[in-house]
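# Overview (structure and organization)
Listed below are the residues making up each chain.
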Amino acid sequence: MSVLLSRICLSVRPLYGLRNSCTAAYRGYNTNRVHSSARSVARGFSSVPSQTIKYEELKDLLKEEGVVIIDVREPWEVKEYGVIKGSLSIPMGDLASALQLDPLTFEKKYQVKMPEKTSTLIFSCLAGIRSKKAVDVAGSLGFKRVHHYAGGFEDWARHETPEKKL
């Protein structure tokens with residue numbers, strides 16, 4: 001880990017004139033002087049702002065045109081527990097490659113039109129942990145309007161009857 005962090009720091013330092021700030025960040029020291037873009041690069045996350053949404057907000061967003069809810073749970077979870085009506089199932093491990101497919105291949109594989117970079121994407125999983133990571137993946141691939149359904153499928157099932165997938 002420290003070798004990887006050192007390499008990142010060496011690549012960031014010349015851009016922002018940072019001196020020992022990456023090492024300080026690794027050791028837990030206060031690094032408020034580090035430029036926020038440098039922090040994003042060093043952490044490896046996208047700088048796309050995401051919004052954590054709750055059930056009521058999800059219901060409102062699903063009424064809008066061009067909103068895609070992507071369930072990043074594993075196929076066995078989807079089969080066992082069910083799905084949020086209208087969601088697209090792409091397991092977390094396949095998400096990055098799926099979002100980089102050409103539109104025709106994506107449509108063949110998932111039977112829906114591929115989301116555009118300007119589409120609103122809402123990520124969901126069982127309890128909200130994987131979906132938060134999915135936001136970072138989508139943001140790093142250029143998707144600008146990404147949301148994280150914090151309650152996940154468990155929260156949805158408390159409010160709605162899930163649809164069963166066969």
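First, a word on what this report is: a plain description of the structure on this page. Please read these numbers as outputs of a predicted model, since none were measured by experiment.

How each quantity is defined
Residues numbered from 1 in each chain as written. Predicted model: local features only at pLDDT ≥ 70, side-chain atom pairs only at ≥ 80, totals over all residues. Heavy atoms only, no water. Helix = DSSP H or I, 4+ residues; strand = E, 2+ residues; numbered from the N terminus. Buried < 20%, exposed > 50% of the residue type's maximum accessible area, 1.4 Å probe, protein only. Contact = heavy atoms within 4.5 Å. Areas by Shrake-Rupley, 256 points an atom, 1.4 Å probe, with all protein chains shown as cover. Pairing = 2+ DSSP bridges. Arc of directions from axis to C-beta.

### Here we look at the overall build of the protein
Secondary structure summary: the protein contains 9 helices and 5 strands in total. Along the protein, helices and strands appear, N-terminal first, in the series α-α-α-β-α-β-α-β-α-α-β-α-β-α. When the 166 residues of the protein are sorted by exposure, 37% land in the buried category. In the protein, of all internal contacts separated by at least 6 residues, the share reaching a separation of at least 24 is 60%. If you sum the accessible surface of the protein, you get close to 10,200 Å²; carbon and sulfur atoms cover 53% of it.

### Examining the environment of Glu65
With respect to the secondary-structure elements, Glu65 resides in the loop between α4 (55-62) and β2 (67-71). For the pair Glu65 and Ser119, spaced 54 residues apart in the sequence, the C-alpha separation amounts to 9.1 Å.

### Remarks on the pairing of strand β4 (residues 120-124)
Across the 5 residues of β4, 5 count as buried, placing the element largely inside the fold. Residues Thr120, Ile122 and Ser124 of β4 are buried on one face, and the alternating residues Leu121 and Phe123, pointing to the opposite face, are buried as well. The pairing of β2 with β4 spans 5 bridges and is classified as parallel. The residue of β4 that forms the bridge with Ile70 is Phe123. By the bridge criterion, 4 bridges tie β4 to strand β5 (residues 145-149) in an arrangement that is parallel.

### Some thoughts on helix α8 (residues 130-140)
Every α-helix winds through 3.6 residues per turn, so residues three or four apart in the chain are directed the same way. By the burial criterion, the buried members of α8 are Ser131, Ala134, Val135, Ala138 and Gly139. In a view along the axis of α8, the buried residues occupy a sector of 135 degrees, so they form one face of it. For α8, the exposed residues lying more than 90 degrees away from the buried face are Lys132, Lys133 and Ser140. Just downstream of α8, Gly142 is the residue with a positive phi angle, here 100 degrees.

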